[in-house]
Structures are given as C-alpha cells and as structure tokens.
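Report on the structure
Listed here are the chains, written in short residue letters.
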Amino acid sequence: METLMSLRAATTGVSFQAVPSHCQIPKFPAFRRSIMLPRAPMAAGRGPIRAQQSESKDGSAALNPVTEFEDVLKIKEWEVENFRDEVAASQGIRIRRQPPTGPPIHYVGPFEFRIENEGNTPRNILEEIVWNKNVEVSQMKARKPLYSLKKALESAPPVRDFVGALKASNLKTGLPGLIAEVKKASPSRGVLRENFDPVEIAQAYEKGGAACLSVLTDAKYFQGSFENLETIRNAGVKCPLLCKEFIIDAWQIYYARTKGADAILLIAAILPDLDIRYMTKICKILGLTALIEVHNEREMDRVLGIDGVELIGINNRDLETFEVDISNTKKLLEGQRGEMIRQKDIIVVGESGLFTPADIAYVQESGVKAVLVGESIVKNSDPAKGITELFGKDISS
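Quick summary incoming for the structure in this document. (Residues numbered from 1 in each chain as written. Predicted model: local features only at pLDDT ≥ 70, side-chain atom pairs only at ≥ 80, totals over all residues. Heavy atoms only, no water.)

Some words on helix H6 (residues 226–234)
An α-helix turns once every 3.6 residues. As a result, residues three or four positions apart point the same way. When we look at burial in H6, the residues that qualify are Phe-226, Asn-228, Leu-229, Ile-232 and Arg-233. For H6, the buried positions fall inside an angular range of 160° around the axis, keeping them on one side. Packing partners of the buried residues in H6 comprise strand S7 (177–182), helix H5 (198–208), strand S10 (212–216), strand S11 (241–244) and helix H7 (250–258). The positive-phi residue at the C-terminal boundary of H6 is Gly-236, with phi of around 90°. (Buried < 20%, exposed > 50% of the residue type's maximum accessible area, 1.4 Å probe, protein only. Helix = DSSP H or I, 4+ residues; strand = E, 2+ residues; numbered from the N terminus. Arc of directions from axis to C-beta. Contact = heavy atoms within 4.5 Å.)

Right under this line is the structure:
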C-alpha cells in the first residue's frame, strides 16, 4: 500500500514532500480472539476494586464510604474503555469512537509528520464528528470535573416534562407534537439562517405552537453552543428543551442538565446497548427524558430490547451518508416492531426530511405522535409562520 506522507519543518517553514515508497509491506493474517468481560477492574497485583480500604485502630481493615453510584461509574467506564470496539462491532455499530492507530499528526524534533491511513482517517461525516467530539469532551472534562457539575446541579432550573408536553400537544391538535429545532447550520446544508438570534427564534417557535424545542449545542459542525441552550432557558421560554448533542460520555448529560436541558439525545448508531442503558438510568436520576434515535431495523430492535425507553426518534437521514428518505419511518413502524411500540406505549418521533403538510400526514399515518423539524421552519423569515405552513394550519391556539 502506498502511503502519502508530508513533512514540514516547524521552525523554518520549509516544506518537504516525501517520495512514495514502492516497497511492499507484508500483510499478516488477522487473529481471532475471545474476550471474557471481568466483573470489575483489576488493580495491579490485587483483586477487583470494590471499595477503598483503611486500617482501623485495632489493625483490622475498614471500608471508607464510597457511594454505590460512583463505584458503578468507575467500573462501567473501565469496562467500556477496554471493550468498546468489540462490543460495538457485535451490535452492528460501524462508527469508531476514536482513531484506532492514533491521530495522523506526529512530531519528531522540529518536524511535523502527517501520515494518513485507514486507521486515522474518518470513514464518514458521523465518524469525523464523533472523533472530534471525543477530543472536545476530554478537554471539557479536564476543565470542569464531574464533581463540579454535581455541585452546579444544585442551582440548575427545575426539569420540565418533555414527554408530557408532546402528549398534551398531540391530544390538543390531533397532530404530531412539534419539537422545533433552533439550528443555525448543518454539515449537509451549510448555514441555514444568517440572521441567527437563538432566543428570538425560540420565542417565535413557542408562539407558533411548538410543544418542545431542540437546541443544537455542537459548535464545529452545526455552529451551536451550550450558551444558546442556557440563554434560551434563562429567557423564560416555557417549552421543554432538548439538548441536541452527540453524546458519547455520561459527563455530557450532567453538563447539559446544568445548562437547563430537560431532555437529551442518545444516538444508537454511536452508542452500544450498555452505554444506552447506563445513560438512560442517569437521565432518570436527574429527571431528564432520553430521546433515543435510530435509523435502521437493527438499531430499532436493539432499542426495543432496552427497558424503560419512553421516546424513540426515527431519523430519516442516514447519518453516515446524509441521504434522506421519509419512507424509513413507515418501514421501521410496520409489523411486529410497531405492535411492540404500541404495547410499550412508546412515543415515536419522526425526524428529518419533513417540509410539507403531506410529509407530516405521511409520518403520522405511519404511527408517529411527534416530529422534530429544523430546516424547513428555521429558514423562514417568520419561524411561527413556518410552523403554520409546515402543518397546513395554525396549531398555536
């Protein structure tokens, strides 16, 4: 395989182009291995870590008080870190959490090397977003450790009933409850609204009849921010707020709650079942609603096998290719899956590709009771009017 490598002198600004190698790199056969998950992490030379020990006055070992939740957190993080790729692959997840071979940029003395190969190059836009998010979250965690977020929760605004708001809207209008998205840009469409005032847009959505709001918080790819989320909450907007973020770490859930979120998004294409179960439990502890997003049959089956799920979003956009097909909603709600959703009283949210009253009618007939819409209404000079045009009627009264 021919590898392209660029070499730049960091101190002199001189650039070099390395000559491609024509030698053949030998290929070695892949080895299969079986992995047995341990019940708890092992410290060097010791047994499973259950609790910290101290010595009492009589010389006997005594346990320091370590909360059960924090102990479970440490064990879970250790297990996921060590076995994430294997578990994810077994569940059909193709998105890698981070570059398997490390970042492409390396330094040797004053020189910077960039070596690109399959192991450090994202295979699609979703994987690129996740890799960047992994670095971003690590940096944010270093600045704001979990203990500081737990303290900040004491002054966080009360959680509002996200699911209740959707049900009430559906009952009142006979139409899917609207989650209107405060969204400036996207990787596929670019900037959607140049004159972007998040509070003004949120207030217009509320006036137009939105049941809930979704606020993009990713900065690099969607030009969103947690400041937008916090500002909208502090502005007195009564609609419950969904933090629309690429969540890969439980820390992000706590951070979203401190900024005023009432719900968070969990994407099945990124998160293994263990992560989803764990994160939905954290949501319940914090009073948050978890909107779990799926795109295909396998992801839907995985999520339906998880207890306690209240809200499932069907994304008509393939997050790997960004292609949109609203018939995806109908396909995932047919037959046994649809029956199971009705038995479990799960609310289904239709997402992406919804622009007209006919689109809304199509997904409603398929079985959704809520829709999440951004592009078609945020681009309207009057977002409240955009909602009326989307549903073909005024849903605000």
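So that's the structure; there's more coming.
So, the pairing of strand S16 (residues 370–373)
Residues in a regular strand project their side chains so that they alternate between the two faces of the sheet. Residues Ala-370 and Leu-372 of S16 are buried on one face, and the alternating residues Val-371 and Val-373, pointing to the opposite face, are buried as well. Looking at chain direction, S7 and S16 are connected through four bridges and run parallel. Bridging from a neighbouring strand, Leu-178 pairs with Val-371 of S16. Inspection of the sheet shows strand S15 (residues 347–351) paired to S16 by three bridges, in the parallel sense. Looking at S16, one finds that Val-349 is bridged to Ala-370. Taking the sense of rotation as the criterion, the β-α-β connection linking S15, helix H12 (residues 357–366) and S16 turns out right-handed. (Pairing = 2+ DSSP bridges. Right-handed = clockwise from strand over helix to strand, strands pointing away.)

Points about the sheet that holds S11
Sheet strands pair by backbone hydrogen bonding; their relative direction is either parallel or antiparallel. Ordered by their spatial adjacency, eight strands build a closed barrel running S7-S10-S11-S12-S13-S14-S15-S16, and the pairing between neighbours is parallel. Averaged over all pairs of adjacent strands, the angle between strand axes in this sheet comes to 25°, irrespective of strand direction. Pairing of S10 with S11 involves four bridges; the strand directions are parallel. Across the sheet, the residue bridging to Ser-214 is Leu-242, located in S11. Most of the contacts of helix H4 (residues 162–173) go to S7, to which it runs at about 125°, and overall it touches S7, S10, S11, strand S12 (263–267), strand S13 (289–294), strand S14 (311–315), S15 and S16. (Axes fitted to C-alpha atoms, helices over the stretch in contact; angles between N-to-C directions.)

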